[in-house]
Amino acid sequence: MSFRPLSQPSDLFDAIAEVLLERINDITVDNYDDFGSAEPGRAGAGAEILVEFERTTPADRSPDGRYGYEYAITLHCVVGRHRHRAALEAVNLAAVVQRVATDALWGLPVDQVKRPEQLRAEPSFFKEGAHGYDAWGVSFTQYVALGPSLAPEDPVTVGMPQAAWKVDNDIDVDDEANYQPLVND
């Protein structure tokens, strides 16, 4: 996975979804806010992870001046009730998601995101009936720094003088006559 810049919160959502789909088999990943807007019992088809951005608070700026944010995120692990032992499958999926999220930078640049903190898993929500489901949520907070770096670029230095001297305890290091320029090949 290549690192891509993090410009807006939806970039974090997309990165999380991509990593989950790469690392966990037989799941779908959707936005929590869109759950239930499709046909009834959508989760009944199998396992689904719903990404929910619960809240954000301002955080310290990054060393390069980017604005920092602390996001509270929950990854709801939803399993259709028609599956054998759906409640246990939801717990199992939450354990897998928790392992993926433990050190996840989600393929984003290390200068823009820190590892998740306060990672926990707990029952999330459920719905009974033929189109019902069980769910566990994996919740954490994650620091992100959005936008381009605000630090000025380092100036390019050209024509740097180079010198070397022979190691000899009797040489006066303050005498310029003991130095000669290095020749670049």
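Residues numbered from 1 in each chain as written. Predicted model: local features only at pLDDT ≥ 70, side-chain atom pairs only at ≥ 80, totals over all residues. Heavy atoms only, no water.

Novice: Help me understand the packing of aromatic side chains, please; the structure alone is not making it clear to me.
Specialist: Aromatic ring pairs: the centre-centre distance and the angle between the two ring planes describe each pair. One pass over the structure, following the stated rule, counts three aromatic pairs. For the pair phenylalanine 53 and tyrosine 71, a centre-to-centre distance of 5.5 Å together with 75 degrees between the ring planes defines the contact as edge-to-face. Linking phenylalanine 53 in strand S2 (residues 47–59) with tyrosine 71 in strand S3 (residues 67–80), this pair joins segments that are 18 residues apart in sequence. Owing to a relative accessible area of 29%, phenylalanine 53 belongs among the partly exposed residues under this scheme. (Phe/Tyr/Trp six-rings, centres within 6.5 Å; stacked < 30°, edge-to-face > 60°. Helix = DSSP H or I, 4+ residues; strand = E, 2+ residues; numbered from the N terminus. Buried < 20%, exposed > 50% of the residue type's maximum accessible area, 1.4 Å probe, protein only.)

Novice: For this particular structure, what's the right way to read the sheet that holds S2?
Specialist: Within a sheet, adjacent strands bond to each other through the backbone by hydrogen bonds, running parallel or antiparallel. With mixed pairing, the five strands of this open sheet are ordered in space as S1-S2-S3-S5-S4. Unpaired on one side and paired on the other, strand S1 (27–31) and strand S4 (117–127) mark the two borders of the sheet. Strand-to-strand twist of the sheet, defined as the mean angle between neighbouring strand axes without regard to direction, takes the value 25 degrees. Bridge count between S2 and S3: 12 bridges; the pairing is antiparallel. Within the sheet, the bridge partner assigned to valine 51 lies in S3 and is leucine 75. Against the sheet, helix H2 (residues 86–101) contacts S1, S2, S3, S4 and strand S5 (133–146), and its axis sits at roughly 15 degrees relative to S5. (Pairing = 2+ DSSP bridges. Axes fitted to C-alpha atoms, helices over the stretch in contact; angles between N-to-C directions. Contact = heavy atoms within 4.5 Å.)

Novice: It is not clear to me how helix H1 (residues 9–23) should be interpreted in this structure. Could you clarify?
Specialist: Spacing of three or four residues puts side chains on the same side of an α-helix, whose turn is 3.6 residues. Helix length check: H1 (15 residues) gives 22 Å between terminal C-alpha atoms against 21 Å at 1.5 Å per residue, within 8%. Buried residues belonging to H1 abut S1, S2, S3, H2 and S5. (Expected span 1.5 Å × (residues − 1).)

Novice: I keep staring at unusual backbone geometry and nothing clicks. Help me out?
Specialist: For residues other than glycine, phi is negative in most cases, and the peptide bonds are mostly trans. Here aspartate 26, not a glycine, exhibits a phi torsion of approximately 60 degrees, which is positive. Assignment of secondary structure puts aspartate 26 in the loop between H1 and S1. Although it is not a glycine, glutamine 118 sits at a positive phi angle of roughly 55 degrees. One can find glutamine 118 in strand S4.

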